[in-house]
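Spelled out from the first residue to the last, the chains are:
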Amino acid sequence: MTERTLDGRVALVTGASRGIGRAIAERLAKRGAKVACVATRAENCAETVAACNALTEGAVAYGVDVADHAAVEELVKTVQKELGGLDILVNNAGITRDQLMLRMTEDDFDRVIDVNLKGTWNFMRAAARPLMKCSGRILNIASVVGITGNAGQANYAASKAGVIGMTRSLAKELAGRGVCVNAIAPGFIETDMTAEIDEQAAENLKGSIPLGRIGSADEIADAADYLLGPGGAYVTGQTLVVDGGLSL
Ligand code: NAI
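Conventions adopted
Residues numbered from 1 in each chain as written. Predicted model: local features only at pLDDT ≥ 70, side-chain atom pairs only at ≥ 80, totals over all residues. Heavy atoms only, no water. Helix = DSSP H or I, 4+ residues; strand = E, 2+ residues; numbered from the N terminus. Contact = heavy atoms within 4.5 Å. Polar contact = N/O pair within 3.5 Å; in protein donor to acceptor, adjacent residues only side chain to side chain. 1 Å grid on protein atoms, 1.4 Å probe; cavity = no way out; pocket = protein on both sides within 12 Å on 5 of 7 lines; lining within 4 Å. Points joined across faces, edges and corners; volume = space filled by probe spheres on them. Nonpolar A, V, L, I, M, F, W, Y, C, P; charged D, E, K, R; others polar. Near = heavy atom within 4 Å. Areas by Shrake-Rupley, 256 points an atom, 1.4 Å probe, with all protein chains shown as cover. Sits in = over half its atoms within 2 Å of the grid points.

Peer 1: Before we go on, may I ask you to explain the environment of N182 in this structure?
Peer 2: When you line up the elements, N182 lands in strand β6 (residues 180-186). Taking the C-alpha atoms as reference points, N182 and A201, separated by 19 residues in sequence, lie 31 Å from one another. Beyond its immediate sequence surroundings of up to four residues, N182 is in contact with I138, L139, N140, T167, L227, V235, T236, G237 and Q238. In this structure the side chain of N182 is engaged in a polar contact, spanning 3.2 Å, whose partner is the backbone nitrogen of G237.

Below, the structure is given as structure tokens:
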């Protein structure tokens, strides 16, 4: 029986329709939290919401483009009204638009920064006040690529390095109000995002992971469970690398 350590809490998870976001949303519901499941379109979160509600009632689906500052502010207000507050924010929504530098367009660069970096900032700004009132928690999903860099991912690596820097800065800003702000840097995790990588490249990548296998979304949810649960109360400004040793 999982301890319901988050009973009565309200959590908002972006990119909750599938993959890592869905695994984290379900884990939070398993711990007793009511979860606001956010994706580009609310209907894409229907399965996540049903799975969360089976664990803790009160999960609701919302649709927003995380890059849209005004819409994010409105959404955070709506979630507070409809779910009765906001205690936990998980910024997980993210995209890739990989290209080697000379082929990468300005739009490829701007969109990845807008969604991954500005989207994270949009939600942190909109949620800062409610989170300060309840000594809440923020968790940002970065990537090992934000630490190591990766050919063909200058836009993505920059966005994730930015998320790590922003996590540290916000941790310092909000510590006085008891808000812990951390990040997870996943390595190669089996989701729709990585399904796009061709088979040979995936095999090569797997060969470079010391633990010899690709990670699962549930293994990222395990790390989120720690950082967002009672065990994470004295941890802030950190980036927990969960990558099977890939970045060593
Ligand atoms: P995914 O592609 O399976 O899911 C992405 C989610 O983000 C979806 O729910 C989608 O609706 C949402 N989303 C995308 N753009 C959005 C926007 N503009 N507004 C609102 N929602 C939007 O991705 P996956 O693999 O689950 O990744 C989740 C996070 O983990 C991302 O930030 C990704 O960069 C990061 N990550 C993933 C790794 C992997 O190997 N899968 C490795 C390292 C980091």
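Having seen the model, we can carry on.
Peer 1: Help me out: how do you make sense of the layout of surface pockets in this one?
Peer 2: The gaps of empty space that remain are located by a probe, the size of a water molecule, rolled over the atoms. Estimates place the volume of the largest pocket at around 1300 Å³. Only α1 (19-30), β2 (34-39), α4 (106-133), α5 (145-148), α6 (154-174), α7 (192-195) and α8 (199-207) provide two or more residues apiece to the lining of the largest pocket. Per-class residue counts for the lining of the largest pocket are 23 nonpolar, 19 polar and eight charged. The computed volume of the second largest pocket comes to approximately 260 Å³. As for the second largest pocket, its lining consists of E73, V76, K77, Q80, R125, A126, A128, R129, P130 and M132. Broken down by secondary-structure element, the contributors of at least two residues to the lining of the second largest pocket are α3 (69-83) and α4.

Peer 1: Any chance you could explain the site of the ligand here in plain terms?
Peer 2: Surrounding the ligand, one finds 30 residues, the nearest of these being S17, R18, N92, Y156 and T191. One of the backbone nitrogen or oxygen atoms of G15 is found 3.2 Å away from an oxygen atom of the ligand. R18 is positioned such that a nitrogen or oxygen atom in its side chain is 2.8 Å from an oxygen atom of the ligand. In the complex, 95% of the free accessible area of the ligand, which totals 830 Å², lies under the protein chains. Spatially, the ligand is embedded in the largest pocket. Here the element with the most residues in the shell around the ligand is α7; it accounts for three residues. Here the residues of the shell around the ligand sort into 15 nonpolar, ten polar and five charged.

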